[in-house]
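Summary of structural features
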Amino acid sequence: MTSKELIESGILEQYVLGNASPKEMEEVERLAISDPSIRKEIDLISETFENLAFKNAIEPPAVIKPFLMALLNYMERMTNGEKVSAPPILNKNSKVSDFDEWLNRDDMVSPGNEDVFARIINYSPEVTTAIVWIKEYAPQEVHDNEHERFLIVEGTCDIIVDEEVNHLSPGDYFAIPLFKNHMVKVTSSIPCKVILQRVAA
């Protein structure tokens, strides 16, 4: 196969995507060493795919990163010997003092410079419980397979469900109905610190 035939064959695109056969991969790499036009075409295809990916990229929800980092932190703590704990299930009778065991830990603090920061205190497929600090707001989301519950520890916030604004202050409990758009807007000068629990529906 000539360089022109290879460039026109579509194999280089498959090579860049990692979908070429082992034999094709080997042949492309061999030709790329000896023929600068093949190397140049590979670079051009790679750049085109990268530009296309950036153009069509979707910004992930703002809470994805803090909760992913919180989960990694939790897994590291479990690996280092922390015992699995069993915080109570949040309900309308819950009190902030029910969570003192976790709230008073030295490692359950916010660095203070994150928009949303979380520390998981228990994780299972059925229930996840975390301490969360929200600096200004938590963006709109909808849950169709888990009940989300809040217990306000410090600061104040509005939890807006559809069009309804719910004003919350320390000690208040609030449950988000399934299938409802909701967001959190902090109304205090300090971050709103909450116990957040997600329970499988």
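Treat the numbers as computed from the prediction; the structure is a model and nothing was measured.

Let us now look at helix α3 (residues 22-34). Along an α-helix, residues three or four apart share an orientation, since each turn contains 3.6 residues. Under the 1.5 Å per step criterion, the end-to-end length of α3 is 19 Å for 13 residues, consistent within 8% with the ideal 18 Å. Restricting attention to buried positions, one finds in α3 the residues Val28, Leu31 and Ala32. One side of α3 carries all its buried residues, which in axial view fall inside an arc of 105°. Summarising the geometry of α3, the exposed residues directed more than 90 degrees from the buried face are Pro22, Lys23, Glu26, Ile33 and Ser34. The secondary structure elements touched by the buried residues of α3 are α1 (3-9), α2 (11-17) and α4 (36-55).

Read from one edge to the other, the open sheet built from 4 strands follows the order β3-β8-β5-β6, with strand pairing classed as antiparallel. A single partner strand is all that each edge strand has here, and the edge strands are β3 (137-141) and β6 (164-168). Pairs of neighbouring strands in the sheet enclose a mean axial angle of 20°, with direction left out of account. Taken together, the 5 bridges between strand β5 (residues 157-161) and strand β8 (residues 182-186) define a ladder with antiparallel strand orientation. Bridging across to β8, Ile159 finds its partner in Val184.

A sheet is described by the order of its strands in space; here 5 strands give the open sequence β1-β2-β9-β4-β7, paired in antiparallel fashion. Across the chains shown, the open sheet's two edge strands, defined by having one partner strand only, are β1 (116-123) and β7 (173-176). Neighbour-to-neighbour, the strand axes of this sheet turn through a mean angle of 20°, independent of strand direction. Inspection of the sheet shows strand β4 (residues 146-154) paired to β7 by 4 bridges, in the antiparallel sense. Opposite Arg149, over in β7, you have Ala175 as the bridge partner. The strands touched by helix α5 (residues 64-79) are β1, β2 (127-134) and β9 (192-200); relative to β1, the strand with the most contacts, the crossing angle is about 40°.

What follows deals with the packing of aromatic side chains. This structure, assessed with the given rule, holds 2 aromatic pairs. Ring geometry for Phe99 against Trp102: centres 6.1 Å apart, planes inclined by 50°, an arrangement best described as tilted. Measuring from ring centre to ring centre gives 5.7 Å for Phe117 and Trp133, while their planes differ by 50°; the resulting arrangement is tilted. Residue Phe117 is located in strand β1, and its partner Trp133 is located in strand β2; the two are separated by 16 residues in the primary sequence.

A contiguous nonpolar patch, built from Leu68, Met69, Leu72 and Met75 and spanning about 390 Å² of accessible area, is present on the exposed surface. Take Leu72: it is sitting in helix α5.

Helix length check: α5 (16 residues) gives 23 Å between terminal C-alpha atoms against 22 Å at 1.5 Å per residue, within 8%. Among all positions of α5, only Pro66, Phe67, Ala70, Asn73, Tyr74 and Arg77 are buried. Viewed along the axis of α5, the buried residues span an arc of 115°, placing them on a single side of the element. Among the exposed residues of α5, those pointing more than 90 degrees away from its buried face are Lys65 and Thr79. The secondary structure elements touched by the buried residues of α5 are β1, β2 and β9. Residue Gly81 follows α5 closely and has a positive phi angle near 105°.

Calculation rules
- Sequence order as written defines the numbering, with residues in each chain counted from 1.
- The model is predicted, so local features are restricted to residues of pLDDT at least 70 and side-chain atom pairs to those at 80 or more, both for listing and for counting; the totals for chains, interfaces and linings are taken over all residues.
- Values shown for side chains rest on all heavy atoms present in the structure; no hydrogens or waters enter the calculation.
- Every helix listed is a DSSP run of H or I at least four residues long, and every strand listed is a run of E at least two residues long, numbered separately from the N terminus.
- Take the number of residues in a helix, subtract one, and multiply by 1.5 Å to get its expected span.
- Throughout, exposure labels follow a simple rule: accessible area from a 1.4 Å probe, protein chains only, divided by the maximum for the residue type, with under 20% read as buried, over 50% as exposed, and the rest as partly exposed.
- Regarding the arc, it is the one traced by the directions from the helix axis to the C-beta atoms.
- The contact criterion used is simple: two residues touch if any of their non-hydrogen atoms lie within 4.5 Å.
- Strands qualify as paired when DSSP identifies two bridges or more between them.
- For helices, the axis comes from a line fit to the C-alpha atoms of the stretch in contact; other axes are also lines fit to C-alpha atoms, and the angle between any two N-to-C directions lies between 0 and 180 degrees.
- Any two of the Phe, Tyr and Trp rings considered here, Trp counted by its six-membered ring, make a pair once their centres fall within 6.5 Å; the pair's planes then place it as stacked at under 30 degrees, edge-to-face at over 60, or tilted in between.
- Residues forming no salt bridge and having over 30% relative accessible area are the ones grouped into patches, like charges within 9 Å of each other and nonpolar side chains (Val, Leu, Ile, Met, Phe, Trp, Tyr) within 5 Å.
- Surface accessibility follows the Shrake-Rupley procedure with a 1.4 Å probe radius. Residue values consider only the protein chains on display as shielding.
- Take a side-chain nitrogen of Lys or Arg and a carboxyl oxygen of Asp or Glu: if they are within 4 Å of each other, that pair is a salt bridge.

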